[in-house]
Amino acid sequence: MRPHSELQRGVLALYKDLLRFARARPSEEGVRLRAHVRDEFRKPIKRSNVMRIEYLLNRGRRQLKLLQMSGTTAVHVRR
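If you're wondering where the values come from, they're calculated on a predicted model, not measured in any experiment. (Residues numbered from 1 in each chain as written. Predicted model: local features only at pLDDT ≥ 70, side-chain atom pairs only at ≥ 80, totals over all residues. Heavy atoms only, no water.)

Student: For this particular structure, what's the right way to read the overall build of the protein chain?
Tutor: Looking only at helices and strands, one finds three helices and zero strands in the protein chain. Helices and strands in the protein chain line up, N terminus first, as α-α-α. A buried classification covers 22% of the 79 residues belonging to the protein chain. Across the protein chain, every contact between residues at least 6 apart in sequence was considered, and the portion connecting residues at least 24 apart equals 65%. Looking at the protein chain as shown, the accessible area adds up to about 6,700 Å², and 53% of this sits on carbon and sulfur atoms. (Helix = DSSP H or I, 4+ residues; strand = E, 2+ residues; numbered from the N terminus. Buried < 20%, exposed > 50% of the residue type's maximum accessible area, 1.4 Å probe, protein only. Contact = heavy atoms within 4.5 Å. Areas by Shrake-Rupley, 256 points an atom, 1.4 Å probe, with all protein chains shown as cover.)

Student: Would you mind going over the environment of Val11 with me for this structure?
Tutor: Locating Val11 in the fold gives a position in helix H1 (residues 6-23). Look at Val11 and you get partly exposed, because its relative accessible area is 24%. Spatially, the C-alpha atom of Val11 lies 9.6 Å from that of Asn58, the residues being 47 residues apart in sequence. Leaving out residues up to four positions away in the same chain, Val11 has contacts with Phe41, Ile53 and Leu57.

Student: Help me out: how do you make sense of helix H3 (residues 50-68) in this one?
Tutor: Given 3.6 residues per turn, any residue in an α-helix points the same way as the ones three and four places further on. Here H3 is 19 residues long and its end C-alpha atoms lie 27 Å apart, about the 27 Å a rise of 1.5 Å per residue gives. The complete set of buried residues in H3 reads Ile53, Leu57, Gly60 and Leu64. All buried residues of H3 fall inside an arc of 65° around its axis, so they share one side. In H3, the exposed positions that point more than 90 degrees away from the buried face belong to Met51, Lys65 and Leu66. (Expected span 1.5 Å × (residues − 1). Arc of directions from axis to C-beta.)

Written out as structure tokens, the structure is:
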């Protein structure tokens, strides 16, 4: 088995960080957030589309950083 690339490790790290953040939220909010994270990461993206993957990775990191700011009291997930 080949080791993961740097991009793959970044995506996996973001996924884990988002799930950890969701686990720390109040019960119903955390459940919705976890479901949203899973749905977003399961959307099909061609592995060869590296620019799109990098864009989504950076976007996800920015969103997580905003969520982790001390002023964030609730998270609303649109369905």
